[in-house]
Amino acid sequence: MRKHYTISGEDFSAAGEASSDFKAVLKKLGIDPTVIRRISIAMYEAEINTIIHGGGGECDAEISGKSICVTFRDNGPGIPDVNLAMQEGWSTAGEHIRELGFGAGMGLPNMKKYTDDMTIDTAPGQGTTITLIINL
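Residues numbered from 1 in each chain as written. Predicted model: local features only at pLDDT ≥ 70, side-chain atom pairs only at ≥ 80, totals over all residues. Heavy atoms only, no water.

Undergrad: Break down the overall build of the chain for me, with residues and values.
TA: The helix and strand inventory of the chain stands at five helices and five strands. When the helices and strands of the chain are listed from N to C terminus, the series reads β-α-α-β-β-α-α-α-β-β. Seen along its three principal axes, the alpha-carbon backbone of the chain occupies a region of about 40 × 30 × 25 Å. Every one of the 136 residues in the chain was classed for burial, and the buried ones make up 46%. Counting every atom, the chain has about 7100 Å² of accessible surface; 48% of that belongs to carbon and sulfur. Distance between charge centres in the chain, computed from 12 positive and 18 negative side chains, equals 9 Å. (Helix = DSSP H or I, 4+ residues; strand = E, 2+ residues; numbered from the N terminus. Buried < 20%, exposed > 50% of the residue type's maximum accessible area, 1.4 Å probe, protein only. Areas by Shrake-Rupley, 256 points an atom, 1.4 Å probe, with all protein chains shown as cover. Lys, Arg positive; Asp, Glu negative; His and termini not counted. Charge placed at Lys NZ, Arg CZ, Asp CG, Glu CD.)

Rendered as structure tokens:
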């Protein structure tokens, strides 16, 4: 089963729509609640990053017999230093984003924490693709 979502850039009112919708799909399919919680957290973090840093993008979520795979592709500037970006608390979010309650620097670390595998494909000026995998 596959779902596709479009994520609007800078539209915080829509933040979480993809993760909420996919969570409902997983519940209907009878997926373990612990797995649902993990993928929901990781997806929400990726959605927020796609809005804040990526200028919007797309998400494809797929359930196979062995895993859930969710891929986010954004239109942003890319991540110049992935190792630095993986450090808890490090963020390039501007003050206006922090005033909204976002940009605490926990997005990528939480994605990694709540998944079984995470890959980041990025280059300055070319956007970022993040793939999240949770084994069933």
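The structure having been displayed, the exposition proceeds.
Undergrad: Run through the environment of Arg-38, naming residues and quoting values.
TA: By the element assignment, Arg-38 lies in helix α2 (residues 33–52). Arg-38 sits in the buried class, given a relative accessible area of 19%. Spatially, the C-alpha atom of Arg-38 lies 8.9 Å from that of Met-111, the residues being 73 residues apart in sequence. With near-sequence residues (within four places) excluded, Arg-38 lies in contact with Tyr-114, Thr-115, Asp-116 and Ile-134. (Contact = heavy atoms within 4.5 Å.)

Undergrad: Can you tell me about the sheet that holds strand β1 (residues 2–8), naming the residues and giving the values?
TA: In a beta sheet, neighbouring strands pair by backbone hydrogen bonds and run either parallel or antiparallel. Spatial strand order, β1-β2-β3-β5-β4: five strands in an open sheet with antiparallel pairing. Looking at the sheet topology across the chains shown, the edges are occupied by β1 and β4 (117–122). The sheet shows a mean angle of 10° between the axes of neighbouring strands, direction not considered. Relative to strand β3 (residues 67–74), strand β2 (residues 56–63) runs antiparallel, the two sharing seven bridges. Residue pairing in the sheet places Ala-61 in a bridge with Val-70 of β3. The sheet contacts of helix α1 (residues 17–28) involve β1, β2 and β3, and relative to β1 the element is tilted by about 165°. Where α2 meets the sheet, it contacts β1, β2, β3 and β5 (128–135), and its direction lies at approximately 5° from that of β3. (Pairing = 2+ DSSP bridges. Axes fitted to C-alpha atoms, helices over the stretch in contact; angles between N-to-C directions.)

Undergrad: Describe the pattern of salt bridges, naming the residues involved and giving the relevant values.
TA: A side chain of one charge can pair with a side chain of the opposite charge when the charged atoms of the two come close. Within this structure, the stated rule accounts for five salt bridges. The salt bridge involving Arg-38 is made with Asp-116; its shortest N-O contact spans 3.0 Å. Taken together, the positions of Arg-38 in helix α2 and Asp-116 in the loop between α5 (107–113) and β4 put the pair 78 residues apart, joining distant regions of the chain. Salt-bridge contacts for Arg-73 lead to Asp-60; the nearest nitrogen and oxygen are separated by 2.3 Å. (Salt bridge = Lys/Arg side-chain N within 4 Å of Asp/Glu carboxyl O.)

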